[in-house]
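Fold and contact review
Residues per chain are reported as follows:
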Amino acid sequence: MTQDELKKAVGWAALKYVQPGTVVGVGTGSTAAHFIDALATMKHQIEGAVSSSEASTLKLKALGIPVFDLNEIDDLSIYVDGADEINPQMQMIKGGGAALTREKIVAAVAHKFICIADASKEVDVLGRFPLPVEVIPMARAYVGRELVKLGGLPEYRQHVVTDNGNIILDVHNLRILDPIALERTINALPGVVTVGLFATRGADIALIGTPDGVKTIEK
């Protein structure tokens, strides 16, 4: 199976967690796009979706799925999204698509976070994938210097502006042995909107696409 076929398999596998009559939290990226395609097959059974990016919102609307503002929703049963890396503790690096802040907000509201990913995203230790940090533009140089002090090599993601109007620093050279501590440290830096470590609030269920089928991991 190709990587895209693995992504499609987990996107469709996530459908079984969708309850009729609910609003579904939907993530961003190529794997989440497959889930949106799957969700469209039962769009008349759900109330609609909450989206973590403008790109996903456009796709949802194009397929006839109503999109709600998160502020209109009191209860969100599930949030389905991909990951750039996931470790055995169900902690993740996310933000390759620059939607990390909205993804983290929707994940915080949802009762269950369902991570959908192909097997290449599984790692023992987070950090091989550069860690995205969303930063207010005027703080770029300051935050960059502070990230160097933490052992990272930050790189400004050129020509990328987030849906919130901010910039992304991708931090290379990290071997993240304590993801929760690093998440708190980076989030505490003035000018950081959020860091793409989903450790304090990790995934509850992971659906991993393998050549032998979809593997389900539960916390």
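Residues numbered from 1 in each chain as written. Predicted model: local features only at pLDDT ≥ 70, side-chain atom pairs only at ≥ 80, totals over all residues. Heavy atoms only, no water.

As recorded in an unreviewed UniProt entry, the protein chain goes by the name Ribose-5-phosphate isomerase A, listed as coming from Pantoea piersonii. Regarding the protein chain, the relevant UniProt record gives this comment under Subunit (unreviewed entry): "Homodimer." (UniProt positions renumbered as here; feature names shortened; annotations may be inferred.)

1. A closer look at the packing of aromatic side chains
All chains considered together, the criterion is met by two aromatic pairs. The interplanar angle of 70° and the centroid separation of 5.1 Å between the aromatic rings of Tyr79 and Phe113 together place this pair among those described as edge-to-face. Of this pair, Tyr79 sits in strand β3 (residues 76-81) while Phe113 sits in strand β6 (residues 110-118); the two residues are 34 residues apart in sequence, bridging distant segments of the chain. Of the two residues, Tyr79 and Phe113, both sit in the buried class. Ring geometry for Phe113 against Phe198: centres 6.4 Å apart, planes inclined by 90°, an arrangement best described as edge-to-face. With Phe113 in strand β6 and Phe198 in strand β11 (residues 197-198), this residue pair connects regions lying 85 residues apart in the sequence. (Phe/Tyr/Trp six-rings, centres within 6.5 Å; stacked < 30°, edge-to-face > 60°. Helix = DSSP H or I, 4+ residues; strand = E, 2+ residues; numbered from the N terminus. Buried < 20%, exposed > 50% of the residue type's maximum accessible area, 1.4 Å probe, protein only.)

2. Focus on the side chain of Asp170
Examined against the element boundaries, Asp170 turns out to sit in strand β9 (residues 167-172). On the basis of relative accessible area, Asp170 is assigned to the buried category, the value being 12%. Polar contacts involving the side chain of Asp170 include one to the side chain of Arg157, which spans 2.7 Å. For Asp170, the contacting residues outside a window of four places in its chain are Pro130, Leu131, Pro132, Leu153, Pro154, Glu155 and Arg157. (Polar contact = N/O pair within 3.5 Å; in protein donor to acceptor, adjacent residues only side chain to side chain. Contact = heavy atoms within 4.5 Å.)

3. Details of the sheet that holds strand β2 (residues 48-51)
With mixed pairing, six strands are arranged side by side in an open sheet as β2-β1-β3-β6-β12-β13. The two strands at the open ends of the sheet, each matched to only one other strand, are β2 and β13 (213-218). The mean inter-strand angle of the sheet, taken between neighbouring strand axes irrespective of direction, is 25°. As paired strands, strand β12 (residues 205-210) and β13 are joined by six bridges and run antiparallel to one another. The partner of Gly209 across the bridge, within β13, is Val214. Contacts between helix α2 (residues 30-39) and the sheet are confined to β1 (23-26), β3 and β6, with β1 contributing the most and set at about 160° to the helix. (Pairing = 2+ DSSP bridges. Axes fitted to C-alpha atoms, helices over the stretch in contact; angles between N-to-C directions.)

4. Some points on the UniProt feature "active site" (unreviewed entry) in the protein chain
Following the UniProt record, one finds the feature "active site" (unreviewed entry) at Glu103. Mapping Glu103 onto the fold places it in helix α4 (residues 100-109). Judged by relative accessible area, which is 4%, Glu103 ranks as buried. Ignoring anything within four residues of it in the chain, the contact list for Glu103 reads Thr28, Ser52, Tyr79, Asp81, Lys94, Gly95 and Phe198. Side-chain polar atoms of Glu103 contact the side chain of Lys94, separated by 3.3 Å.

5. Some remarks on the environment of Thr200
Residue position: Thr200 is located in the loop between β11 and β12. When the C-alpha atoms of Thr200 and Ile114 are compared, they prove to be 15 Å apart, with 86 residues separating the residues in sequence. Leave out the neighbours within four places in its chain, and Thr200 touches Ile180 and Glu183.

6. Some words on a nonpolar patch on the surface
Taken together, the side chains of Ile136, Met138 and Val193 make up a nonpolar region of the molecular surface, amounting to roughly 310 Å² of accessible area. Inspection of the secondary structure assignment puts Ile136 in the loop between β7 (131-135) and α5 (140-149). By relative accessible area, which is 39% here, Ile136 ends up partly exposed. (Patch = residues over 30% accessible without salt bridge, like charges linked within 9 Å, V, L, I, M, F, W, Y side chains within 5 Å. Areas by Shrake-Rupley, 256 points an atom, 1.4 Å probe, with all protein chains shown as cover. Salt bridge = Lys/Arg side-chain N within 4 Å of Asp/Glu carboxyl O.)

7. Notes on the environment of Gly151
Mapped onto the fold, Gly151 is located in the loop between α5 and β8 (153-156). Taking the C-alpha atoms as reference points, Gly151 and Asn173, separated by 22 residues in sequence, lie 7.2 Å from one another. Contacts of Gly151, omitting those with residues within four sequence positions, involve Asn173 and Leu174.

8. Focus: the pairing of β3
With five of six residues buried, β3 is to be regarded as a mostly interior element. Where β1 lies against β3, two bridges are found, and the strand directions are parallel. Among the inter-strand pairings, Val26 is bridged to a residue of β3, identified as Val80.

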